[in-house]
Amino acid sequence: MTVEKKMEGSTAVLYLEGWMDTANAPVLAQALNELDDGTKQLAFDMSKLEYTSSAGIRQIISAHKQMNGALTLRNVTPEIVSVLHMTGLDKKLHIEQ
Amino acid sequence: MTTELWIADTEQLALDSQLEWMLALLPEPDQAKALRFRKREDRLRCVAGRLMIHALAAARLGQADVPLQVSAYGKPSFAGENALQFSLSHAGKLVVLASGDHPLGVDVEENRPLVWRELASVFGAEEQRLLEADEDPAGLFYRFWTVREAFSKEEGRGLPIFESRDVSIDYGSEIIRCQGRTLRFQTWELPGYMLSVCASRLGEVRLCCLSSEDWNRVLSYNEGSRSPKREEELEKRRKETMGYSDEMMPAEPALTLPVTLDAFDKIRMTVLTVAGDTPETRRALLACDEMLANIVNYSKAESLLFTCERLEGQLRVQFSDDGVFFDPTAYYAEEKEFESLDSGGMGLGMIAQIASAMFYERKNGRNVNTFFFPLQNDTAHLTSS
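Conventions adopted
Residues numbered from 1 in each chain as written. Chains lettered and ligands numbered in written order. Predicted model: local features only at pLDDT ≥ 70, side-chain atom pairs only at ≥ 80, totals over all residues. Heavy atoms only, no water. Helix = DSSP H or I, 4+ residues; strand = E, 2+ residues; numbered from the N terminus. Contact = heavy atoms within 4.5 Å. Areas by Shrake-Rupley, 256 points an atom, 1.4 Å probe, with all protein chains shown as cover. Buried < 20%, exposed > 50% of the residue type's maximum accessible area, 1.4 Å probe, protein only. Pairing = 2+ DSSP bridges. Axes fitted to C-alpha atoms, helices over the stretch in contact; angles between N-to-C directions. Expected span 1.5 Å × (residues − 1). Phe/Tyr/Trp six-rings, centres within 6.5 Å; stacked < 30°, edge-to-face > 60°. Lys NZ or Arg CZ within 6 Å of the ring centre and 35° of its normal.

### Some thoughts on the overall build of chain B
Here's step 1: Check the secondary structure of chain B and you find 13 helices and 16 strands.
Here's step 2: Of the contacts formed within chain B by residues at least 6 apart in sequence, a portion of 60% connects residues at least 24 apart.
Here's step 3: For chain B, the accessible surface area stands at approximately 18,700 Å², while carbon and sulfur atoms represent 50% of it.

Pasting the structure below:
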C-alpha cells in the first residue's frame, strides 16, 4: 500500500491506496510517526483503499488515540465500511458521508 | 479405528445460563442423578456430560436414549450389543467425553498448585524419582496422575490404586504394561488442564473442542420430538462436521507456506484464482489474513500448509500448522470499549463473522482449522424463492 500526505490548511490528509493487509499495515504506522507534532486535525482519504485487515483497523484506532479523536475518515468505500462495521468502529469513528 | 475426544468448556459455551433447560432435556433417571449434586457447578458438569453421552449414542448408534448400564465399580457403558465404548471425565470448567471401539479411560485434571509430595506415594518409584528431580513437578505430577487414572478407568476401577499392582508405564513410548496386558495412552497439555486417554487400542485420536455450534448439535440430539426433515438435516450436519475429516479431505494438494506475514501474497493469489475477485472473496481473504496473522504471531509454528477449493457454492479453506494448541472456535467475541478495541482478539472476532462455518481439530501435533465462506450473495436466491 502507499500513503501520501497532503496539507489542507491545518488538516493533514493521508491518502491511503491499495491493500492494507497485516503485512502492509506498518506503512501507515510509519506515516503516523512522521506527522508533525503540531498536527491538530487528521483525515484519511480512503477512496483508493481496496482492503483493510484488523491490523489496518488497529492503525486507525491508534491514529484516533494519537489525535485525541481529531480524525476523520473520508470517501470510505462500502467494502471498508463493512469491515469497520464488523468491529463496531463505524459507530465510534467520525466518518464523513 | 478412531478414538474421539469431545471437549466441552462449560464456561466458554456459557452453559450455566442454560442449565435448567438442559436438565429438562435429560431422561428422568439422569435428571435425578444431576439433582443429587447440590453445587450448581457440579450439577452443570453432570448435565453436560449426560447430554454428551446421549448425543454420542444418537450420532453413532442412531438413537439418543440407549440405556446405560453400570459396572460393579461404577463404570457406565451403553447396554446391549454394540461396540461403542465411552469414558467421561470432568475438572474445573471442562467436560471430556472419549469414545472408541475398545474399552477406554479418560481423565482430565485442572493444573492447580498442589502439595504433590503428599499425593506422590500413589506413584511408582521411578515416577517419584522423576518428580523429585524435576524443577517444576506440578505438570509432571498431573501427567502421571491423569495417565494412571485413565488406565484405572479403562479397567473399570473407580480409583487410581496403583502401587500395589504390577504396572509398568513407559511415558516416552506411551505404553502401559500390566499383568500381561499392553495398553496405549496419550496426554495433552491444554491451557490450565492435563488430559490423558488410555485404551488397548487407540488408533487415530481426534481431539475436538466443541464450538457453540457443536454444542447446539449436542442439544439437538437430545431433543425428544424430531420431524423426519429435522432428522435429515441433523444427519447432514453430522456428516459435515463430525465425520468431515475422513470424507472431506481437501482434493487440492496443500500449499506449503513460510510462517511469515508475507505468505499472505500467496494466499491472496490462490484464493483469487480459485474464487475470482468479488466482495465475498475479499471478505474470505480478510479472514485468511487474520488467521495467518494469528498463526505467525502466536503459534510458534514452523510449518504451515494451506488449501483452498470451491465446494458447493462455498469456499473451503484449510490451515494446518504445527504450533501450540489453539482452538479459534473456542474464542468468543465480546463487545469492547473503544479504548481496548485494539487489545487483541479483533481478528478472531472478524473471522467468526465472515465464515459460515469453522471447525477445529488437533491432529498429529497440528492445529487443523477448516473454514467455509459463502461465495455469492444469497439475496437473489432469497427473493426468487
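### Section: the overall build of chain A
Here's step 1: Looking only at helices and strands, one finds three helices and five strands in chain A.
Here's step 2: Scanning chain A from its N terminus toward the C terminus, one meets helices and strands in the order β-β-α-β-α-β-α-β.
Here's step 3: Looking at chain A as a whole, 54% of its 97 residues are labelled buried.
Here's step 4: Here chain A has roughly 4,500 Å² of accessible surface; of this, 46% comes from carbon and sulfur atoms.

### Points about unusual backbone geometry
Here's step 1: Of note in the backbone geometry, Asn75 of chain A takes a positive phi value of approximately 50 degrees without being a glycine.
Here's step 2: Looking at Asn75 of chain A, the relative accessible area reads 44%, which means it is partly exposed.

### Describing the sheet that holds strand β9 (residues 181-190) of chain B
Pairing between the strands of a sheet is mediated by backbone hydrogen bonds and can be parallel or antiparallel.
All names here are of chain B.
Here's step 1: Spatial ordering of the open sheet is given by β6-β10-β9-β8-β7, a layout of five strands whose pairing is antiparallel. A single partner strand is all that each edge strand has here, and the edge strands are β6 (104-110) and β7 (167-170). Averaged over neighbouring strand pairs, the angle between their axes works out to 20 degrees when direction is ignored.
Here's step 2: Relative to β6, helix α6 (residues 137-154) is tilted by about 150 degrees, and along the sheet it contacts β6, β7, β8 (175-178), β9 and β10 (193-199).

### Points about helix α2 (residues 54-66) of chain A
Residues and elements named next belong to chain A.
Here's step 1: Relative to the 18 Å expected for 13 residues at 1.5 Å per residue, α2 spans 18 Å between its end C-alpha atoms, a close match to the ideal helical length.
Here's step 2: Along α2, the residues that are buried comprise Ser54, Ala55, Gly56, Ile57, Gln59, Ile60, Ile61, Ala63 and His64.
Here's step 3: After α2 finishes, the residue Asn68 shows a positive phi value of roughly 50 degrees.

### A short note on the pairing of strand β1 (residues 2-9) of chain B
All names here are of chain B.
Here's step 1: Most of β1 is tucked away, with six of its eight residues classed as buried.
Here's step 2: As paired strands, β1 and strand β11 (residues 204-209) are joined by six bridges and run parallel to one another. Bridging from a neighbouring strand, Leu5 pairs with Leu207 of β11.
Here's step 3: As paired strands, β1 and strand β5 (residues 94-100) are joined by six bridges and run antiparallel to one another. Paired with Ala8 across the two strands is Val95, which belongs to β5.

### Let's talk about the packing of aromatic side chains
Here's step 1: Applying the stated criterion across every chain yields a total of 15 aromatic pairs over all chains.
Here's step 2: Taken together, a centroid distance of 6.3 Å and an interplanar angle of 80 degrees make the contact between Phe319 of chain B and Phe371 of chain B edge-to-face. A residue pair is termed long-range when its members are at least 10 positions apart, and Phe319 of chain B in strand β14 (residues 314-321) and Phe371 of chain B in strand β16 (residues 366-374) qualify at 52 residues.
Here's step 3: Connected via pairs of aromatic rings, a cluster forms that spans Phe123, Phe141, Tyr142, Phe144, Trp145, Tyr171 and Phe185 of chain B.
Here's step 4: Across the ring face of Trp19 of chain A, the terminal group of Arg268 of chain B is positioned such that the distance to the ring centre comes to 4.2 Å.

### Let's talk about the pairing of strand β4 (residues 85-91) of chain B
All names here are of chain B.
Here's step 1: By the bridge criterion, seven bridges tie β4 to β5 in an arrangement that is antiparallel. Residue pairing in the sheet places Ser89 in a bridge with Val96 of β5.
Here's step 2: Taking the residues between adjacent antiparallel strands as the criterion, β4 and β5 are bridged by two residues, where Gly92 takes a positive phi near 55 degrees.

Shape is all these values report; function is a separate question.
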